[in-house]
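Below are the chains, spelled out letter by letter.
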Number of protein chains: 2
Amino acid sequence: MELTAGVLTITAGGKRIVILNTETAAQMGVHVSDRVKLTYAGKEVIAIADLAADFPADRIWFYLEIAQALGVSGDEVVEVQPAPMPESLGNVRAKLRGERLRDEELFNIVRDVVEQHLSDIEISAFLTALKIYGLSMSETEAMSRAMVETGKALSFGKAPILDKHSVGGIPGDKTSMIVVPIVAAAGYTIPKTSSRAITSPAGTADRVEVLCPVELSIDEIQVVVKKAGGCLVWGGALELAPADDLFIRVEYPLGIDPLLLPSIMSKKKAIGATHLVVDIPTGTGAKIKTATEAYTLASDFVHLGRHLGIDVHCALTFGDQPLGCCIGPALEAREALNTLMGDGPPDTQEKALSLAGMLFELVGEADGRHKAEEMLRSRKAECKLRQIIEAQGGNPKIKPEDILVGPEHAEVHAQEKGRVLWINTDGIVQVARAAGTPKEKGAGIILHAKLGDSVAKGSVLFEIYAERPSKLEAALKLARRLEPVVLSRKPEERMLLDQYPAKLGEREKNATLDR
Amino acid sequence: MELTAGVLTITAGGKRIVILNTETAAQMGVHVSDRVKLTYAGKEVIAIADLAADFPADRIWFYLEIAQALGVSGDEVVEVQPAPMPESLGNVRAKLRGERLRDEELFNIVRDVVEQHLSDIEISAFLTALKIYGLSMSETEAMSRAMVETGKALSFGKAPILDKHSVGGIPGDKTSMIVVPIVAAAGYTIPKTSSRAITSPAGTADRVEVLCPVELSIDEIQVVVKKAGGCLVWGGALELAPADDLFIRVEYPLGIDPLLLPSIMSKKKAIGATHLVVDIPTGTGAKIKTATEAYTLASDFVHLGRHLGIDVHCALTFGDQPLGCCIGPALEAREALNTLMGDGPPDTQEKALSLAGMLFELVGEADGRHKAEEMLRSRKAECKLRQIIEAQGGNPKIKPEDILVGPEHAEVHAQEKGRVLWINTDGIVQVARAAGTPKEKGAGIILHAKLGDSVAKGSVLFEIYAERPSKLEAALKLARRLEPVVLSRKPEERMLLDQYPAKLGEREKNATLDR
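Predicted, not measured: the structure shown is a model, and the values here were computed from it. One numbering rule holds for all chains: residues counted from 1, following each sequence as written. All chains are assigned letters beginning at A, and all ligands numbers beginning at 1, according to the order in which they are written. The predicted nature of this model means local features are confined to residues of pLDDT at least 70 and side-chain atom pairs, given and counted, to a pLDDT of 80 or more, with totals for whole chains, interfaces and linings taken over all residues. Heavy atoms from the whole structure form the basis of all side-chain values; hydrogens and water molecules are not counted.

### Focus on the sheet that holds strand β5 (residues 59–62) of chain B
All names here are of chain B.
Logical step 1: Only strands joined by at least two bridges in the DSSP assignment are considered to pair. A run of H or I in DSSP becomes a helix once it reaches four residues, and a run of E becomes a strand once it reaches two; helices and strands are each numbered from the N terminus. Ordered in space as β1-β5-β2-β4-β3-β6, the six strands form a closed barrel in which the pairing is mixed. Across the sheet, the mean angle separating the axes of adjacent strands is 45° when strand polarity is ignored.
Logical step 2: Pairing of strand β3 (residues 35–40) with strand β4 (residues 43–52), which is carried by six bridges, proceeds in the antiparallel orientation. Across the sheet, residue Leu38 finds its bridge partner in β4, namely Val45. The axes used here are C-alpha line fits, helices contributing only the stretch in contact, and every angle between their N-to-C directions lies in the interval 0 to 180 degrees.

### Thoughts on the packing of aromatic side chains
Logical step 1: Pairing of aromatic rings covers Phe, Tyr and Trp, the last counted by its six-membered ring, and requires centre-to-centre distances within 6.5 Å; plane angles under 30 degrees mean stacked, over 60 mean edge-to-face, and any other angle means tilted. Going through the model one piece at a time under the given rule, you end up with six aromatic pairs over all chains.
Logical step 2: Seen in terms of ring centroids, A:Tyr188 and A:Phe360 are 5.8 Å apart; in terms of plane orientation they differ by 45°. Their pairing is tilted. Here A:Phe360 lies in helix α14 (residues 346–362) and A:Tyr188 lies in the loop between α7 (175–185) and β8 (190–194), a separation of 172 residues in the sequence. For the residue pair A:Tyr188 and A:Phe360, the accessibility class agrees, reading buried in each case.
Logical step 3: Ring plane angle 35° and centroid distance 6.5 Å describe the contact between B:Phe126 and B:Phe247, whose orientation is recorded as tilted. Taken as a pair, B:Phe126 in helix α5 (residues 120–133) and B:Phe247 in helix α10 (residues 243–254) lie far apart in primary sequence, 121 residues in all.
Logical step 4: With relative accessibility at 0%, the residue B:Phe247 sits in the buried group.
Logical step 5: In this structure, A:Arg196 packs its charged tip against the face of A:Trp234, placed 5.0 Å from the ring centre. Here the term buried applies to any residue with accessible area under 20% of the maximum for its type, exposed to any over 50%, and partly exposed to those in between, with areas from a 1.4 Å probe on protein chains only. In this analysis the charged atom, NZ for Lys or CZ for Arg, is taken to sit over a ring once it is within 6 Å of the ring centre and within 35 degrees of the ring normal.

### Looking at the relation of the copies chain A and chain B
Turning one copy of the chain about an axis and sliding it along that axis gives the other copy, so a rotation and a shift relate them.
Logical step 1: Between the two copies, chain A and chain B, the superposition gives an RMSD of 0.1 Å; the rotation angle is 180° and the shift along the axis is 0.1 Å. The operation mapping one copy onto its partner corresponds to a two-fold rotation axis.
Logical step 2: The criterion used for residue contact is that any of the two residues' heavy atoms lie within 4.5 Å. A shared interface surface links the copies, since 100% of the contact residues of chain A are contact residues in chain B too. Superposition of the copies used a least-squares fit over C-alpha atoms from residues whose pLDDT is at least 70 in both.

### Describing the interface of chain A and chain B
Logical step 1: Counting residues at the interface gives 52 residues for chain A and 52 residues for chain B.
Logical step 2: Summing both sides of the interface, chain A and chain B together bury roughly 4300 Å²; the carbon and sulfur share of this comes to 64%.
Logical step 3: Throughout, the accessible surface (probe 1.4 Å) given up by two parts as they are put together, summed over both, is called the buried area. The largest per-residue losses of area from chain A upon contact with chain B belong to A:Arg93, A:Ile121 and A:Pro253, which jointly make up 15% of the total buried on that side.
Logical step 4: Salt bridges are identified by distance alone: a Lys or Arg side-chain nitrogen within 4 Å of an Asp or Glu carboxyl oxygen. In this structure, the connection of chain A to chain B is made through two salt bridges.
Logical step 5: The definition of a polar contact used here is a pair of N or O atoms within 3.5 Å, where within protein one atom must be able to donate a hydrogen and the other to accept one, and adjacent residues in sequence count solely through side-chain atom pairs. Between chain A and chain B we count 12 residue pairs in polar contact (both at pLDDT 80 or more) in total.
Logical step 6: Elements with a contribution of two residues or more to the side of chain A that touches chain B: α1 (22–28), α3 (87–96), α5 (120–133), α10 (243–254) and α19 (504–508) of chain A.
Logical step 7: If one sorts the elements of the side of chain A that touches chain B by residue count, α5(A) sits on top with 10 residues.
Logical step 8: Under the scheme applied, nonpolar residues are Ala, Val, Leu, Ile, Met, Phe, Trp, Tyr, Cys and Pro; charged residues are Asp, Glu, Lys and Arg; polar residues are all the others, including Gly. Tallied by class, residues from the side of chain A that touches chain B come to 25 nonpolar, 10 polar and 17 charged.

### Let's talk about the nonpolar core
Logical step 1: The definition of a nonpolar core used throughout is a set of buried Ala, Val, Leu, Ile, Met, Phe, Trp, Tyr and Cys residues joined through side-chain atoms within 4.5 Å. Within the largest apolar cluster, 60 residues are counted, with the highest numbers of intra-cluster contacts made by A:Phe126, A:Leu127, A:Phe247, B:Phe126, B:Leu127 and B:Phe247.
Logical step 2: Contact partners of A:Leu127, with chain neighbours within four places excluded, come to A:Phe247, A:Val250, A:Glu251, A:Ile256, A:Pro258 and A:Leu259.
Logical step 3: Formed by 45 residues, the second largest nonpolar core is a distinct cluster that contains A:Ala205, A:Ala336, A:Ile398 and A:Ile403.

### A word on the packing of α10(A) against helix α3 (residues 87–96) of chain B
Logical step 1: Orientation of α10(A) relative to α3(B), taken along the N-to-C sense of each, is 105°, at an axis distance of 9 Å. Here α10(A) lies roughly perpendicular to α3(B), going by the angle between them. Contacts from A:Tyr252, A:Pro253 and A:Leu254 in α10(A) reach B:Leu89, B:Arg93 and B:Leu96 in α3(B).
Logical step 2: The residue inventory of the contact of α10(A) with α3(B), partitioned by class, reads five nonpolar, no polar and one charged. When describing relative orientation, an angle under 35 degrees is termed roughly parallel and one over 145 degrees roughly antiparallel, while 65 to 115 degrees is termed roughly perpendicular and anything else oblique.

### What to know about the pairing of strand β11 (residues 311–318) of chain A
Residue and element names in this part refer to chain A.
Logical step 1: Where strand β10 (residues 275–282) and β11 come together, eight bridges link them in parallel fashion. Counterpart to Leu276 in the pairing with β11 is Val312.
Logical step 2: Orient the strands so they point away from the viewer, and a crossover whose first-strand-to-second-strand path over the helix runs clockwise is right-handed. With helix α12 (residues 291–308) bridging β10 and its parallel neighbour β11, the resulting β-α-β unit is right-handed.

### What about the sheet that holds strand β14 (residues 418–423) of chain A?
Residues and elements named next belong to chain A.
Logical step 1: Spatially, three strands are ordered β16-β14-β18 in an open sheet, and the strand pairing comes out antiparallel. Of all the strands in the sheet, just β16 (454–455) and β18 (485–488) have a single pairing partner and so form its edges.
Logical step 2: Where β14 meets β16, two bridges bridge the pair, whose relative direction is antiparallel. Within β16, the residue paired with Gly418 across the bridge is Val455.

Pasting the structure below:
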């Protein structure tokens, strides 16, 4: 059928959607979500039909993406025909029936997600089915490979390539900023790509950005890694396994995370990692709550790594409270720099040394922990970080006190004397975000008391930093309501940890995004 | 945060979506699919956030629905705040985890589907989880009730109210047009609402529309039923259980149908039915392929009816070929009228008498079949149909030959002599649709040979009718390719029924819609 093109002035977020009048579609036998083939001036595009009763019957409406792909700007006559449904939708339907999918079938799906040939409805159904049925190891491997193959890749032309990843969930976890320089200082290659915070107060990319640019191109990364042996860059725009972001967009409102493993491992495969340490923070404050969950996940990581040709070791780490004292991009960058200069909080130093040591032993060093300590004590790791900062375009001579925090700040005091019984990490995250993190880099929290510490009445429990008075005020108000640092002299004086029902929006918010 | 309103010139199909700049959303801590509360001039609206990088940072963009609800036309300053996720989304998430939902939780979901507070992603995940986990009987009942309560209802102030429904799938099934007059002729109330064809060549509403208007309001239906005891109207715009259409929209691309029972039964409950016969055509040409499936479905209908206060009996009917000889709105209307005038094909008459008889016995008549035959033989049923036609605004004196078909038509002949071994109903549907059904009411097929019939070489297998030569040509071409009427002298001469792989688009098209 020939229809006249109408062009809408907005994009559809990359989605390949056209809008047809309901009657016109019925005449063509096209139902909502059916595919149509558009032909204009020798070009062919397949799009998903959306229907509207209030659009003119002799027209077809394009969002900007399709209009550009087809080369129309409005009022052209376009040939519109029903098109068969994509093969990948047949594969999605098979998964809804509980079938195990083969490699090429999963590849079809991932490719059509990346190329926007599947709708939100279809992707959502696929992810829900994966969540409910689970993935076999061969499906997990196939998804990982498909996610690699539909994206770009880094190549350094040598081996081994080391990497470190955290499944996340711990505020203040600046370990990568310390591990990467330690490992690179020993002469190994560690091209670390990181994410920005989405639901947390800071991602590694946000922290590093306080010291130097992190939005490097693939070519620039190759240069930095050749020069410094390592990098600390934002992975978001590199199109390494781009399917991941498209899946996360759909998983987020559902609070499900069925592709955690392929999502992480495809990114590692895409940068060419051969040896990987995965940090699995475990505890009430972490994403992974119990040891059983942590060991299952660890075992899956190791197995998947074997299938993908990556030697994986997992670290189960203490996840009951924030790491170190500082939370927020600038505060954490300062704390990481201090740690490399020999003046960091003990838990941060200990965790970084453990993980770096594991990486060293993974590539055959006899005493990895010792090697890591040597790199730290000798200040070789500090030098290495400065070299990376310089290579990425920052100031290599930066001192901790040069890093700007605040300028607004306030203290939260203990109302009574006691011991720190519990730190509610979710409360800490909320207060830090109310203060302006991750967007306002000088915002954040400094903890003055951690688990088990004794505090006197009136002493400082934590400080809040913000860039604007209004944000400081909001964060303080929230801190007083949430009381994230819980004191108790004896357990029997504070048996009530929480009450139910709580506000739904606070309780169900999920951390699917920060993987 | 205060943002300036921008109003898009299109609707979002009822969906409550606003578009925010990605950065602006990040500053508010709002992620894609999060809810935002919009406040303007004392009005509050909750909407779902969609994000776009290419929209201005200081603006919020509204589709027409939200703009109207909030009373903005562009350039007003609107207060935008993150809002908690709706309670129903928490319930959806619980279903994804496999939890059984309680009545009020399912009601939350259905209400928020109807009020467009849940996104396609969320509805799709919910329906997929229902499809995989299945629904308990109490969940099925709760869904049915919720679908009734979120829509309008008919009330005739008396009992019993009889009804008849077919789960569908048989081309040419015009039984309702015969059963309704038979039942009403005996003095019973039978307010029949029907659907239009979506994937089939004709729905009951399409057939009846050949004789009289079917798009009546609820008030008009009350008048017709008071006058004639029955009606044959289109149920689509009456807002009886409107959740159904919203669910079907999402189920269609997925080819799933988890709400078949609540969907049908909620519509019956909404018109106040107390006694219902459900026709379950069973066979290779039908939606339900095996007797086992059919009995399971029948049992579920009866049980659900008991919970909802509807006395349900199910009829398993022969579903291996089209019903009667005529397929297409006008041809079928003519065949139904002929049947009521004593001159219908035997299978059509037999089926209508069986179903009407079951309904009579359901309300206590001793010999229902006999009663049905009496209504038909005495022409009381014919008179009743004419009375209904008049009450709905049509010509009560219409003769079968007044009904226009064609005018284009062609015959398809047997290439050899033989017996009809198999009629591919899907092929018949495709040919009829290629000829122009259901939109072009004069289009369709007349079968001259049915299962078991012997045909001579060169005799007519079927005729194709169309309103336009081009459609006739397309239908003929398809008929020659598909050969929907399969002849065989002996089975060993025609062992190949189909080949695999077939074209995907043809094979996977589903009939979810016509329920």
